[in-house]
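# Coordinate analysis (summary)
Take a look at the letters that make up each chain.
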Amino acid sequence: IQPFLLNLLKLKVKSPRMVYLALKLTAEVIGAIIADLDAAKFGPILNFVYEILNLYKKQNMGAVSLQRSKDLKDEEEQEKYKNIRALLKLLVAITEREMVDFTAGDSASVDVASATFIGLGLVLPLLSREMLSGFPKLAHQYFDLVCHLAEVYPENVCRLPPELFTPFVETLRFGVGSTDQISVGASLDSLYHIMKTHLVDISKGGQGLGGNMMLQSGESLVSTFMKSIWHTLIYENFSSSSYIEQSSSVLLVMMLASRETFQEIGSAIINGQAMPESRAALENTLNTLSMSITAHADLTRQSRRKFSREFQNFIVSIRGIAKVN
């Protein structure tokens, strides 16, 4: 079936409907059989996935002109959007296997992570804020995949080349600022795993995120997201009561990674209060929070759970004092 699908894609590059059906069929077939494949049988399948992804990129399938059809109501644009969903489904399907080795002569083994990140690199340039906000199913599919990759392969995420890491971070910025709970939760979890990996690697003398820590804006990744999440927690009416719990782990690891940014945020919150009593109360609360951060620096599951409970009380207290003024 692989040669047939490849030939179909090559012949029908100008037919979005046929491309979508071929991609969807590919994802369905692989998803159904992947658990039963041994290493020898998975090799050709993985090669086939490479070919599908590279053909997709070469033909620029899935490119969407938002200027021509902002709401993507045009049938052709809708089909191209479906192609991206089918691609994401294909990537999700191959992540069902943690690691598959195959040999072609004396060639080195190829793992699922490599294949998936090649696919991610093809999908990222096709995504936009408009597409993620306009199509919740697409956003859920994408953020589910990203969360899985960040949890299982965080080192690969940290080492993404800048031309891919930049749009990747933009999607996380969209997710963190979204009103959709699934997108928010997956984005916060992804950031936690990325930052934890960075922190652990730095503690061992490694580079962690390396050059990817500094964003094109000139601000660091940890500073950008820490300020954004703290602003939401203190000054905005977030849609879910679980947001504090969801953000506690990622803020814990970020505040450990950059005490300076936490101090900057704390000073801004304190200085934003007019009354001396409020400033004193906030300073007291933030100092206690700082001690809690240090106490749970080992980042074990038990520590993160305990910190989460304490953090909820801190946020309720800080919001209460800030709103008095």
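Just so it is clear, the structure is predicted and the values come from calculations on it, not from any experiment. (Residues numbered from 1 in each chain as written. Predicted model: local features only at pLDDT ≥ 70, side-chain atom pairs only at ≥ 80, totals over all residues. Heavy atoms only, no water.)

### Comments concerning the nonpolar core
Generally speaking, a soluble globular protein has its nonpolar side chains buried in company with each other. Applicable threshold: As used here, the term nonpolar core means buried Ala, Val, Leu, Ile, Met, Phe, Trp, Tyr and Cys residues forming a set that is joined through side-chain atoms within 4.5 Å. Only protein chains enter the calculation, and the probe is 1.4 Å; a residue is then buried if its accessible area is under 20% of its type maximum, exposed if over 50%, and partly exposed in between. We call two residues in contact whenever any of their non-hydrogen atoms come within 4.5 Å of each other.
One finds Tyr142, Phe168, Trp230 and Phe311 to be the most contacted residues of the largest nonpolar core, which totals 98 residues. Residues contacting phenylalanine 311, with those up to four places away along its chain left out, are Trp230, Leu233, Ile244, Ser247, Ser248, Leu251, Met255 and Leu289.

### Describing the confidence of the model for the chain
Heads up, the condition is: Confidence scores per residue from the predictor, reported as pLDDT, run from 0 to 100. A helix here means a DSSP run of H or I that spans at least four residues, while a strand means a run of E at least two residues long, and both kinds are numbered starting from the N terminus.
Overall, the prediction assigns the chain a mean pLDDT of 82, with 79% of residues at 70 or greater. Mean pLDDT in the chain bottoms out at helix 1 (residues 2–11), which sits at 65, and peaks at helix 10 (residues 181–203), which reaches 96. For the stretch residues 64–70, pLDDT sits under 50, and the model shows twelve contacts to residues farther than four places along the chain or on other chains. Below pLDDT 50 for its whole length, residues 99–109 participates in 17 contacts with residues either more than four positions away or in separate chains.

### Some thoughts on the packing of helix 10 against helix 12 (residues 243–257)
Quick reminder of the rule: In this analysis, axes come from line fits to C-alpha atoms, helices being fitted only over the stretch in contact, and the angle between any two N-to-C directions falls in the range 0 to 180 degrees. With respect to orientation, any angle under 35 degrees is reported as roughly parallel, any angle over 145 as roughly antiparallel, any angle of 65 to 115 as roughly perpendicular, and every other angle as oblique. Crossing handedness: left-handed means the near helix sits turned counterclockwise from the far one by under a right angle, and right-handed means the same turn made clockwise. Note on residue classes: Ala, Val, Leu, Ile, Met, Phe, Trp, Tyr, Cys and Pro are nonpolar, Asp, Glu, Lys and Arg are charged, and everything else, Gly too, is polar.
Across the interface, helix 10 lies against helix 12 with an axial gap of 9 Å and an inter-helix angle of 20°. One element, helix 10, and the other, helix 12, form an angle in the roughly parallel class. The crossing of helix 10 and helix 12 is left-handed. Between helix 10 and helix 12, the residues in contact are Gln181, Val184, Gly185, Leu188, Leu191, Tyr192, Met195, Lys196 and Leu199 and Tyr243, Gln246, Ser247, Ser249, Val250, Val253, Met254, Leu256 and Ala257, respectively. Class assignment for the residues of the contact of helix 10 with helix 12 results in twelve nonpolar, five polar and one charged.

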